[in-house]
Amino acid sequence: IERAKAEELAELERAAAEARLRKEMDGEEFWAHSVQKQRNEVAEKWRKERERVEAIQSRKRSSSGTKKTFGLSSPVVKIKRVVSNLALKASPGASRGHLGSTSAREDDSSFFEDTGDVFVPPSLESLLLPGNSDAGDDSSSSIKSSVGDSAEDSARIQGQSKEFGILPYTATDLKDKPTMVPPTKLSSFAFRKFATIYFRDETKSSFSAQPTIGPLLYHGSADLRQVASQLRICVLQFMGDLADTHTATRAQQIEEVGLIMTKLRHHHQKQETMPLPPHPLSQLDKVHFLVGTCILYPSLRDEVFSIILQQLNGNPSPSSRALGWVLLCLFLGCCTPSDKMVNYLRSFILTGPKSYAPLLDKRLQRAYHCTGRQWPPSFLELQAAKVGAVGIPLIVRLPDGRCMTVTVDPATSSSELCRDILGGLKFKDTFGFSIAVEMGEQVTDLGASDYPVLDAVSACEQHTARRKGCDVTTLAANEQHQQHGQVKQSTSALNSCSVILHRRFFPPWHNSAFDMDCTKLIYHQVVRSIKTGSHLYQSEEELIVLLAQECFVRFKGEDVNTKKLITALSDILSNAELLRRPVRKWSALVKATQAKGGLDLASSSQEEIKRDVVDYAKDAWTLHFSYRYPVKRVAGFKVNPSKGQLFLAAHYHGVSLLQNVQQTPAVGEEAIDAPAKPETLLSVPYHQLANVTTSSTSGDTMLTLQLVTMDGDRLYITSSKALAICKFVNEILGELRNRSPFAVVMQTPAGEDENWLRVRFGDVVVMDDVYAQISQAESDFLTVVNLRTGESGDLPTTCLSVLAVTQEPDSEFKHQLASLNATAHQHLQVVTTVVASASSRQRAMSGGRSVAALSSRKASAATLRSSVTQTTMASSFYTLKSYATKNFAPSGQGVQSVVHPSVWQYTKAELKRPMLFHLRSDSHLSKKAVNMFTSILKFCGEYPTRIDPRSQIPTQRVFKSPIAHPELRDELYCQLFRQLTANPSRSSSDRVWQLVWLATGLFACSKEFFEEAKLFLRSRAVHAAIAAKCLHRLNTATRGSARQYSPHTMEIQAAQNGFVDMSQTVFFPDQSSKKFPVTSRSKVRNLLDHICQYFGVGRVEFDLVLEHGDQVLSSLPEKQYILDVLQEGGGEEADLRLVFVRQLWLDDRLSVNKQLDHRVNFPQELAKYMQGYHSVSNSQAVYLAVLIWFLKYSHNPSSMEETGFSSIFHHLVPETMVRKMSLKEWRKSVNDERKKIRSDVSVSWAERKFLERLSSVQSFGATFFTMKQTVYSTMPEDVIMAINKHGVALLDAVKKDVVAHWDYDEISMWSFDPEHFHLSIGGVLRHSAGFKLLCDTTEGGMVDLLLTRYTSKSLTRPGGSSELVDGGDGRKRMQSYTSTASAVSSSRHGSTS
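Since this is a predicted model, take the numbers as computed values, not measurements. (Residues numbered from 1 in each chain as written. Predicted model: local features only at pLDDT ≥ 70, side-chain atom pairs only at ≥ 80, totals over all residues. Heavy atoms only, no water.)

Right, let's get into the pairing of strand S5 (residues 498-503). In terms of burial, S5 is largely enclosed, as six of its six residues are buried. The two faces of S5 match: Ser498, Ile500 and His502 on one face and Val499, Leu501 and Arg503 on the other face are all buried. One ladder, built from three bridges, connects strand S1 (residues 392-397) with S5; its direction is parallel. Within S5, the residue paired with Val396 across the bridge is Val499. (Buried < 20%, exposed > 50% of the residue type's maximum accessible area, 1.4 Å probe, protein only. Helix = DSSP H or I, 4+ residues; strand = E, 2+ residues; numbered from the N terminus. Pairing = 2+ DSSP bridges.)

What follows is the structure, given as structure tokens:
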């Protein structure tokens, strides 16, 4: 009763809303009191109905007693009848079906007469819901027997069902939508039990080949029962249980063949059922008839599921069962069961064949909670279902020509697929991408919505077949013959179905430099549009410029001959453009454009050009990169569209109303790359939108979208996509407000509080941060700056409304806001997110704050960079005025005693000469100084450039010259301080402060300018925290040397994110990592100290090495700046890794440091041991193999068996030891040794024992270098030099045997160059012939470093020789050389350096 009442009230509200909208559009008055009167009448009607039913139930309850409640011969049949009657009475709308309606009884007393003495108790739900039954299958059998004993009651129920046209029981009548029960509780959901409760004849739950037994479930009309009988015939024909007896001539088949789904929709629009086609159907057509009918009539879905399960239950034919599971797989991918059947279906599925049960169970869970399909399965789905494939592979084509393969299932939506593709590409900029399905000439754009991908595939298949004049199966057969060469060439192959990823929309906050991988893809999409003839360009000049830029990118900026250029243009231009003008003329136009120099291609990189093209595309071709929604009619805004198709487009700048947009008929919104030259009727920028809402109008699918502007103007748009438009536009507006620091004053502060900032109604103010950050703070007032007056102060949050802008509004928009009236501002208050909460709003407006609290808040708040006059700025802060008098050259007249303020104050104009007079005499430095200032202007966004100022390229151009030429460092500081003096732009001054912060981390200024810089920064440190940081960094820079490279990306990001602290990730030999704090002035030794302090060890034995991809670079010089080292390594920064390694082993004793052993010592020594560098006995190798097994494979005991041991054997024993014993002997020895050790040993214990046992080997802790020697024929040509605390050894590179060994006191000298290493043994100090070893190697620098460290430490040992000191200090160095590999770190990768 309550549900029926709610439905009637909802229908009343929809009609009232439609009437209200119609009256408002016509300018008439809407009488609301008449609607309220109707509401009261409906409520009174259903109140009386409820009282009448409760009275009847009370009489039955008092007269029947507890014994009569369930004392019936057939309780389930009685309960069915009671629920049937109650459902009819409680829900009058239930009798209204899709295909007809029946009348209900009007007398309430007669309504309960057929129920006898039975009433429905409150616990009816617990008795009827199968999930709560404790009897299981036994209860099902007992229910079945009791039902069979009362044929009269069964007939009565069937008669009532026919008369009332309702189901005897639906789960939704008793409770909300249930969730799936766990698999362990599915035993009580047997299919036989479902048949007993819900089937018209519960005895028919097993296989039956009879096509005329009628529907299995109850249906509300004769038409539905007739359709259900045809569905049963179709299922039996598909499974092969019923022969296809249709006979038709070839001419009749050709005339009657068509797309099944299209015919079904046509009959459904006429409110009539479609009979089973008289001609023979293919398997796919039968599936289309079944699924299509159930898509249009959802009440028949349980009927089809019941028929399939009945035919699978006890089916004696293996082929029929196989086809039945295929059909169930296809049907479940498009239709979901009702809530009452879902658990029974899942229980049946889990008892099915192993090849289909997991697939169907996953598909059921996915489909049950996803948007339903609107098209039947495609041919690809049929082929996949026949082989039991988990997913359907689709090819994704990217605009740059790359392809990737993705797997989808029937429930995969376009948004899921788009997200998976972008995740695979690792894009950071993912907003606005869309996917399209292409099959032959048919292209359907799906956007990134909930639309199922395979629906588009099915639609494309049917459209393709319709163009060919045949069904999909015939077309697929023709293509299969075509692949085997049996028929002639044809077009539109079904197997060529692919997915296209493309950019569909640019959000207003898009930044092409944020994700260069994404920008490159969009660039290729723009270039591809030339070939496809999309005509993005609006003039020939645009096309020529685009061709010139593409040729520059394609040939990497090199000059090419005319032949290559013609070939490239032939590949870029469309056929239409090549027919309109010969390719040679296009070539001449491109060359002429490149020669003019207006594009500045020579000084631009390929990335800059690609960003420039993308930025131009989003700004100039907004209608192409837009989401377009169909519009039925519009009203308001004085828009008078002519006859033609209307669309609403959401694009980069705002929303536009378009007319006569060409669109390819498809399932989605439009075909991509389709020519579109619409007429723009109306355009509204995002910042002009104050309110976007929807309201109901005629029909269930058509809503009216209401757009309200800042001026209060309204635009009404009726569209089937109104909800989608409203959601999308509000999402854009919300994100813009989150990124906005600007707000408008909606009301002036109440009271006479002088502490509030003086503002007017409609003033635009600047908050101290973007709204997304401010909204997290719990405060009832904000510190803002009034853009009209330039004054700074506090305002209550309730007075402000955030604007949907990311840049300062222009003067026209400010004037518009100031002229708004209070009525228009009400729209702002509705839609714009107000900063304060309700409680904060009340506290702020009540004036409950003390003046002391306000003053304290003001003192602690961050001062904004306000827009005040230059005079005020000059008088408040220290400037370069006095310094300019002595060192600047005013107006080219030489040094004068008085200089004009324009020389040392902010300017947007380029410099024609350096600011410092002494630099003018050097033309080379003068040019670099001028270019340096131009780069500053570009970085601050005050000079036109194609490069994003937030990227690394502009900063490199600013600092490249002063790093190379110290004379320009004072000039740079002067230029930066000039731009900070009286700068009226907040964004510009913010970026200048970023450059100052970066400069103070790179180098200091001269001693002469240092005092000026301190005074300048100190005067601003009181007002800006960043000035204090810059002053501290400048003091630090004066005590050290200058950096050698431009700022690292880490520094640039830190400056852009509010000058946050930086950290560097350091990796360890066990592949783990940890972040350690670094600064711009941190050196390698500083970072090394942090790491060693973390492990609790000294720095002597450890080092940092640099990895670039798979290549391991040398250990890093301790005195070099860490950020310079990272840039000196070259390559992409993401490929550079700092690795902490142990280079020396000076102590014979192993320290007790579990963390160091686990992350550094053990993985290093394990790698060298497995390469065979250490000579150990068989017993030692067996013991070490057991320890390795405990560390790596103890979780799998079967690995010690014969089959398992052979697979892990080479991970336990070095290659050099494999042939010492047979595999069987190794397994026995390792297994015996394993039994001697407890099974519960810890990881640290095993690692410790491994290092202790290996430390007894002479070569423990050594670093190994691969070399080649040709001096001594008695030695092998390929040798390995090992260096550790015991001395230097030579090993055979093949056998790993020790060839020679020398202590450090035997070494007289060594030297190296980039390709050789020379070692002298004896001779010089011992007055003997000695031994001289000359080896070919590129790692002489690393060998020199290790020998120097070991020999210097050996001086402190007893018996240290003074001769060694001379040898160590007097060694010859042929050339300073930085090694390119680290033997210690490379052993971690399984290969020698």
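Moving on, we come to the pairing of strand S19 (residues 1062-1067). Across six bridges, S19 lies against strand S20 (residues 1073-1078) in antiparallel orientation. Looking at the pairing, Ser1063 lines up with Pro1077 of S20. Where S19 hands over to S20, the hairpin turn is made up of five residues, of which Gln1071 adopts a positive phi near 75 degrees. In terms of strand pairing, S19 meets strand S23 (residues 1136-1142) through two bridges, oriented parallel. For Phe1067, the partnering residue across the bridge sits in S23 and is Val1139.

Looking now at the nonpolar core. Leu328, Ile421, Ile435, Leu501, Leu547 and Leu569 are the most contacted members of the largest nonpolar core, which has 131 residues in total. A total of nine residues in this core trace back to one element, the largest contributor, which is helix H15 (residues 318-334). In this structure, Leu569 is in contact with Leu547, Cys551, Val583, Trp586, Ser587 and Val590, ignoring residues within four places of it in sequence. In terms of nonpolar packing, the next biggest core, distinct from the first, is built from 79 residues, Phe939, Leu1002, Phe1003 and Met1062 among them. (Core = buried A, V, L, I, M, F, W, Y, C linked by side-chain atoms within 4.5 Å. Contact = heavy atoms within 4.5 Å.)

Right, let's get into helix H16 (residues 342-350). Working note: α-helix, 3.6 residues per turn, so residues spaced by three or four point in the same direction. Here H16 lies mainly inside the structure; eight of its nine residues are buried. Listed in full, the buried residues belonging to H16 are Val342, Asn343, Tyr344, Leu345, Arg346, Ser347, Phe348 and Ile349. Packing partners of the buried residues in H16 comprise helix H9 (191-198), helix H14 (301-312), H15 and helix H17 (357-368).

As a further point, take the side chain of Ser1082. Here Ser1082 lies in the loop between S20 and helix H43 (1084-1095). In terms of polar contacts, Ser1082 uses its side chain to reach the backbone amide nitrogen of Thr1079, at 2.8 Å. Excluding residues that lie within four positions of it along the chain, Ser1082 makes contacts with Tyr1121 and Ile1122. (Polar contact = N/O pair within 3.5 Å; in protein donor to acceptor, adjacent residues only side chain to side chain.)

Moving on to the packing of aromatic side chains. In the structure shown here, the tally under the stated rule is 39 aromatic pairs. A centroid spacing of 5.7 Å and a plane angle of 50 degrees characterise the contact between Phe431 and Trp509, whose relative ring orientation is tilted. Highlighted residues: Phe431 in the loop between helix H19 (414-425) and strand S3 (433-439) and Trp509 in the loop between S5 and helix H22 (516-532), separated in sequence by 78 residues. With a centroid separation of 5.8 Å and an interplanar angle of 80 degrees, the aromatic rings of Tyr1169 and Phe1250 are classed as edge-to-face. In this pair, Tyr1169 sits in helix H45 (residues 1154-1170) while Phe1250 sits in helix H49 (residues 1243-1255), placing the two residues 81 residues apart along the sequence. By relative accessible area, Tyr1169 is classed as buried at 1%. (Phe/Tyr/Trp six-rings, centres within 6.5 Å; stacked < 30°, edge-to-face > 60°.)

Here we have four strands laid out as an open sheet, ordered S7-S13-S12-S11, and antiparallel in their pairing. Each edge of the open sheet carries a strand with a single partner, namely strand S7 (633-636) and strand S11 (689-696). Going from strand to strand, the sheet's axes swing by 20 degrees on average, the running direction of each strand aside. For S11 and strand S12 (residues 703-709), the ladder comprises seven bridges, and the chain directions are antiparallel. The residue bridging Ser695 from the neighbouring strand is Thr704, located in S12. Lying on the sheet, helix H28 (residues 722-738) is in contact with S11, S12 and strand S13 (714-719); it crosses S11 at an angle near 155 degrees. (Axes fitted to C-alpha atoms, helices over the stretch in contact; angles between N-to-C directions.)

Before going further, it helps to spend a moment on the sheet that holds S5. Reading across from one edge, S2-S1-S5-S3-S4 is the order of the five strands in this open sheet, with mixed pairing throughout. Unpaired on one side and paired on the other, strand S2 (403-408) and strand S4 (442-447) mark the two borders of the sheet. Between one strand axis and the next, the sheet turns through 30 degrees on average, direction left out of account. When S3 meets S4, the two strands line up antiparallel, connected through five bridges. In the sheet register, Met439 faces S4, and the bridge partner there is Gln442. Each of S1, S2, S3, S4 and S5 is contacted by H19, which is oriented at about 105 degrees to S3, the strand it contacts most.

A cluster of like negative charges, contributed by Glu1277, Asp1278, Glu1315 and Asp1336, occupies part of the molecular surface. Tracing the sequence through the fold places Asp1278 in strand S25 (residues 1278-1284). Residue class for Asp1278 comes out partly exposed when judged on its relative accessible area of 39%. (Patch = residues over 30% accessible without salt bridge, like charges linked within 9 Å, V, L, I, M, F, W, Y side chains within 5 Å. Areas by Shrake-Rupley, 256 points an atom, 1.4 Å probe, with all protein chains shown as cover. Salt bridge = Lys/Arg side-chain N within 4 Å of Asp/Glu carboxyl O. Lys, Arg positive; Asp, Glu negative; His and termini not counted. Charge placed at Lys NZ, Arg CZ, Asp CG, Glu CD.)

It is the contact of H22 with helix H23 (residues 540-554), at a shortest axis distance of 11 Å, that shows an interaxial angle of 125 degrees. The angle between H22 and H23 falls in the class oblique. Pair H22 / H23 crosses with left-handed handedness. In this structure, H22 contributes Tyr523, Val526, Val527 and Ile530 to the contact, and H23 contributes Leu543, Leu546, Leu547, Gln549, Glu550 and Val553. Taken together, the residues of the contact of H22 with H23 break down into eight nonpolar, one polar and one charged. (Parallel < 35°, antiparallel > 145°, perpendicular 65-115°, else oblique. Left-handed = near helix turned anticlockwise from the far one by under 90°. Nonpolar A, V, L, I, M, F, W, Y, C, P; charged D, E, K, R; others polar.)

Inspection of the secondary structure puts Phe506 in the loop between S5 and H22. Separated by 75 residues in sequence, Phe506 and Phe431 have C-alpha atoms that sit 7.8 Å apart.

For Gln1071, which is not glycine, the phi dihedral falls at a positive 75 degrees. Positive phi, close to 65 degrees, is recorded for Lys1296, a residue that is not glycine. In this fold, Lys1296 is placed in the loop between strand S26 (1287-1292) and strand S27 (1298-1302). Of the residues examined, Lys1296 reaches a relative accessible area of 18% and is grouped as buried.

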